[in-house]
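Understanding the architecture of this molecule
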Amino acid sequence: MNTSMNPTPADFASMFESSAAAGAMKEGQVIAATVLRIDNDSIVVDIGLKTEGRIPIKEFSLEDKQPAPGDIVDVYLDRIENALGEAVLSREKARREERWVKLERSFAKGEPVKGAISGRVKGGFTVDLGGVNAFLPGSQVDIRPVRDVGPLMGEVQPFAVLKLDRVRGNIVVSRRAILEESRAEQRAEIVSDMKEGDVRKGVVKNITDYGAFVDLGGIDGLLHVTDMSYKRINHPSQVVEVGQEVEVQIIKINPETQRISLGMKQLGSDPWDNISARYPSGARLKGIVTNITDYGAFVELEDGVEGLIHVSEMSWTKKNVHPGKLLSTTQEVEVEVLDVDSDKRRISLGLKQTMDNPWNAFIKEHPVGSEIEGEVRGITEFGLFVGLGPDLDGMVHINDISWDKPGDQAIEAFTKGDRVKAKVLDVDVDKERISLGIKQLSGDPIEAAGSGESGGIKRGSTVTCTVVEVTSGGLEVEFGTPPVKTFIRRSDLSRDRADQRPERFAVGDKVDAKVVTFDKASRRVSLSIKALEIAEEAEAVAQYGSADAGASLGDILGAALASSGSKGKAKAAPAAKGDAKSLDARGRLAGPQGSADDLKKIKGVGPAFEKKLNDAGIFHFWQIAALSEDQVSNLEEELAFQGRMERDDWKGQSEALMSEG
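Residues numbered from 1 in each chain as written. Predicted model: local features only at pLDDT ≥ 70, side-chain atom pairs only at ≥ 80, totals over all residues. Heavy atoms only, no water.

Here we come to the overall build of the protein chain. A count of helices and strands for the protein chain gives 14 helices and 30 strands. Buried positions account for 38% of the 661 residues belonging to the protein chain. Restricting to contacts in the protein chain with at least 6 residues of sequence separation, those with at least 24 account for 58%. (Helix = DSSP H or I, 4+ residues; strand = E, 2+ residues; numbered from the N terminus. Buried < 20%, exposed > 50% of the residue type's maximum accessible area, 1.4 Å probe, protein only. Contact = heavy atoms within 4.5 Å.)

Throughout the structure, instances matching the rule amount to four aromatic pairs. A centroid spacing of 6.5 Å and a plane angle of 85 degrees characterise the contact between tyrosine 210 and phenylalanine 213, whose relative ring orientation is edge-to-face. Taking the relative accessible area as the measure of exposure, tyrosine 210 reaches 42% and is therefore partly exposed. An angle of 85 degrees between the planes, with centres 6.4 Å apart, marks the rings of tyrosine 295 and phenylalanine 298 as edge-to-face. For tyrosine 295, a relative accessible area of 42% puts it in the partly exposed group. (Phe/Tyr/Trp six-rings, centres within 6.5 Å; stacked < 30°, edge-to-face > 60°.)

Okay, the environment of threonine 464 next. Position of threonine 464 relative to the elements: it lies in strand β26 (residues 462–471). Among the residues examined, threonine 464 registers a relative accessible area of 49% and is labelled partly exposed. Threonine 464 sits 46 residues away from lysine 510 along the chain, and the two C-alpha atoms are 6.6 Å apart. Polar side-chain contacts of threonine 464 include one of 2.8 Å to the side chain of aspartate 512. (Polar contact = N/O pair within 3.5 Å; in protein donor to acceptor, adjacent residues only side chain to side chain.)

What follows concerns the confidence of the model for the protein chain. On average, residues of the protein chain score 80 in pLDDT, and 83% of them are at 70 or above. This model gives residues 546–553 a pLDDT under 50, and the stretch forms 13 contacts once residues within four places in sequence are excluded. Within the model, the stretch residues 561–577 combines pLDDT values under 50 with 18 contacts to residues more than four positions away or in other chains. (pLDDT = per-residue confidence, 0-100.)

This next bit is on the pattern of salt bridges. Within this structure, the stated rule accounts for 16 salt bridges. Of the charged contacts, one joins lysine 600 and aspartate 598 as a salt bridge, the two residues approaching to 3.1 Å between their closest N and O atoms. For lysine 600, a relative accessible area of 37% gives the class partly exposed. A salt bridge links aspartate 615 to lysine 611; its shortest N-O distance comes to 3.2 Å. One end of the pair, aspartate 615, and the other, lysine 611, are both in helix α10 (residues 607–615), four residues apart, so they sit about a helical turn from each other. By the burial criterion, aspartate 615 is exposed, and lysine 611 matches it. Through salt bridges that share partners, Lys195, Asp198 and Arg200 make up one connected network. (Salt bridge = Lys/Arg side-chain N within 4 Å of Asp/Glu carboxyl O.)

One number sums up the size of the largest pocket: a volume of about 920 Å³. Taken together, 36 residues make up the lining of the largest pocket; nearest its centre are Gly460, Lys514, Ala531, Gly652 and Glu655. Put simply, the parts of the chain that give the lining of the largest pocket at least two residues each are β28 (484–489), β29 (510–519), β30 (524–528), α8 (529–544), α11 (621–626), α12 (629–639) and α14 (650–660). Of all the elements, α8 adds the most residues to the lining of the largest pocket, at seven residues. Residue composition of the lining of the largest pocket, by class: 13 nonpolar, nine polar and 14 charged. (1 Å grid on protein atoms, 1.4 Å probe; cavity = no way out; pocket = protein on both sides within 12 Å on 5 of 7 lines; lining within 4 Å. Points joined across faces, edges and corners; volume = space filled by probe spheres on them. Nonpolar A, V, L, I, M, F, W, Y, C, P; charged D, E, K, R; others polar.)

An ideal rise of 1.5 Å per residue puts 22 Å on 16 residues; helix α3 (residues 176–191) measures up with 21 Å between its terminal C-alpha atoms. Burial in α3 covers these residues: Ile178, Arg187, Ile190 and Val191. (Expected span 1.5 Å × (residues − 1).)

Scanning the model with the defined rule gives one cavity of 30 Å³ or more in all. Of the pockets and cavities examined, the largest cavity occupies roughly 30 Å³. In terms of lining, the largest cavity is formed by Arg459, Val632, Met645, Glu646, Asp649, Trp650 and Lys651. Looking at the lining of the largest cavity, the elements that each hand over two or more residues are α13 (644–647) and α14. Across the lining of the largest cavity, the residue classes tally to three nonpolar, no polar and four charged.

It is worth spelling out the sheet that holds strand β24 (residues 419–428) at this point. Spatially, β21-β22-β23-β25-β24 is the arrangement adopted by the five strands of the closed barrel, whose pairing is mixed. Ignoring which end each strand starts from, the neighbouring axes of this sheet average 50 degrees apart. Judged from the two bridges that link them, strand β23 (residues 393–397) and strand β25 (residues 433–437) form a sheet pairing that is parallel. Residue pairing in the sheet places methionine 395 in a bridge with serine 435 of β25. Taken strand by strand, helix α5 (residues 358–365) contacts β23, β24 and β25, and its axis lies near 110 degrees from that of β24. (Pairing = 2+ DSSP bridges. Axes fitted to C-alpha atoms, helices over the stretch in contact; angles between N-to-C directions.)

By size, the foremost hydrophobic cluster in this structure holds 21 residues, and its most contacted members are Phe362, Leu384, Leu388, Val396, Ile401, Ile434 and Leu436. Every element with two or more residues in this core is listed here: α5, β21 (371–380), β22 (383–387), β24 and β25. Sorting elements by how many residues they give to this core places β24 first, with four residues. (Core = buried A, V, L, I, M, F, W, Y, C linked by side-chain atoms within 4.5 Å.)

Moving on, we get to α12. An α-helix turns once every 3.6 residues. As a result, residues three or four positions apart point the same way. Within α12, burial applies to Gln631, Val632, Leu635, Glu636 and Leu639. Taken down its axis, α12 places every buried residue within 135 degrees of arc, on the same side. α12 presents Glu629, Asp630 and Glu637 as exposed residues on the side facing more than 90 degrees away from its buried surface. In this structure, the buried residues of α12 make contact with α10, α11, α13 and α14. (Arc of directions from axis to C-beta.)

With that settled, the discussion passes to the sheet that holds β26. Judged by pairing direction, the sheet is antiparallel, and its five strands sit side by side in the order β28-β27-β26-β29-β30 without closing on themselves. The two strands at the open ends of the sheet, each matched to only one other strand, are β28 and β30. Ignoring which end each strand starts from, the neighbouring axes of this sheet average 50 degrees apart. Of the pairings in the sheet, the one linking β26 to strand β27 (residues 474–479) comprises five bridges and is antiparallel in character.

In this fold, threonine 317 is placed in the loop between β18 (305–310) and β19 (332–341). On the basis of relative accessible area, threonine 317 is assigned to the partly exposed category, the value being 23%. In this structure, the C-alpha to C-alpha distance between threonine 317 and proline 390, residues 73 residues apart in sequence, is 9.7 Å. Setting aside residues up to four positions removed in sequence, threonine 317 forms contacts with Pro358, Asp391 and Leu392.

Here we come to unusual backbone geometry. Despite not being glycine, threonine 330 has its phi angle at roughly 70 degrees, a positive value. Mapped onto the fold, threonine 330 is located in the loop between β18 and β19. One non-glycine residue, glutamate 432, lies in positive phi territory at about 55 degrees. Secondary-structure assignment places glutamate 432 in the loop between β24 and β25.

It is worth spelling out the pairing of β28 at this point. Here β28 shows one buried face, formed by Val484, Thr486 and Ile488, and one open face, formed by Lys485, Phe487 and Arg489. Relative to β28, β27 runs antiparallel, the two sharing six bridges. Residue pairing across strands places phenylalanine 479 opposite valine 484, the latter belonging to β28. Counting the residues between successive antiparallel strands, the hairpin from β27 to β28 contains four residues, one of them, glycine 480, with a positive phi of roughly 80 degrees.

Shown next as structure tokens:
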């Protein structure tokens, strides 16, 4: 440009170009600048504006060489003009922009970038990527957790870019990804030279609760605690230590994950080989207690061979006691082999089997049926527990306390600490139970009554009872020796409704009654005075009645009483007719005497059964009531009733129907 006051056209053209170039510049851009000179603390550059720009010389400290006058450098235009009329420029921001472009290019291609760990922040570290700071999470520093990152600080090394967001200025990098990639290549090469079953030497690098990591020369393998020894190991440090050289066998190689499983015990002989022959069931031997758990105790039988004494096999009598109260570690015990499972490498042992079984000893001294005496140790809703020595208990069930009282009432007579006598009812050695009975000491009165003199009581027999209690519903009576208590209902006190009044009787009165029901199994005896009266009347009609005579029932009963030598006056009763002389030996009639009774009124008799009875010569209620047991049995067999008459009590129903008539 001409420096005179008269510029030429060429000077105008140059100034116009400079002005156009200056107008095209925008803040926030990287532009080229020419170094004019270097001052003490700054470098003066020309960017084509009216004024020169100054950049602190310290911003060029990271350059490979310092710029010289005339050099072209890229600078960042922060502001075109400040308050002093100067352009605000920055070499550092220009370099950062340039770095962002390179980072975006590397991130897109998946290429690693170089940087240095420059500081520590919450959750990780900052990494300087040549003017751009990135975040390195703590989990991405190394493959394994690193306690001291000091040696890595300031060291330039490659990082993988995991995330890049230029708008937010966010970059996340990983050193671990680079190491894993490098390690994977090395591992693949080393693993390719290995095969399962190889025996190698290695150095223990790290010990954990579950095993130890062994360096096999560039690759680590896991020596699990269960593969260190055949014997029980509580912690790997009992077998190996860090830095120790060990000989191991490669058990398994996972080609996908390239993980290697190692073993030490595989180099020796397996003590479980032929274990069944060395420890047959029933063998007794000694061992050392090595471990105690809630469910039992482990006993070492030899080096590498342990068996379990389950808590249920420790004591015959102590069932709810922790194994630690019966045994202690390092204690020598004698055990019996119960079962051996060589496939699962398990041996079941028993401790109580080496001791006398108290249940067997008890049954030898106290066989079933013998009497014992003991103290009531416990009372429950279902019975009494009676002590039979220091360790054994027997149980008296609630139903075995009394013959004549309900169990819940009978048990109230006992308190804890009472001395009681009982009979041994059963001893189950396998289930370890002793059943006792208190009521069995006196014998069952029902059983005694059923097998007394004259064949004992049975259904249809007559018994003499003593009134022990009078209630509004009937009479509480007892009979037999030992006495059997039962209840006669109000409706069974008499055939006549007017005489069915319990107040007619008093405590101590003797009354005769007929046994209506007698069941030894259910211990049920039902008596009826009414049934006895009806039976006596039916018998009198059968023996003395005559269709031709037309005698009243009172006359017939009077004759029956007179013939038997009885004194007294028969009660008046409704008239009934029947010619017993017309009955054959089986109690049958050739035809009905007068009008036949409606036998269908008997429960269980329908039209078909009534016809069968008529065909067999049975037409009247009094005939059925007068049949003997043998005649009933023969009739049931003949008509194929199969016990129906007995089950439905046709005789009793007939007697009741006669009284209603």
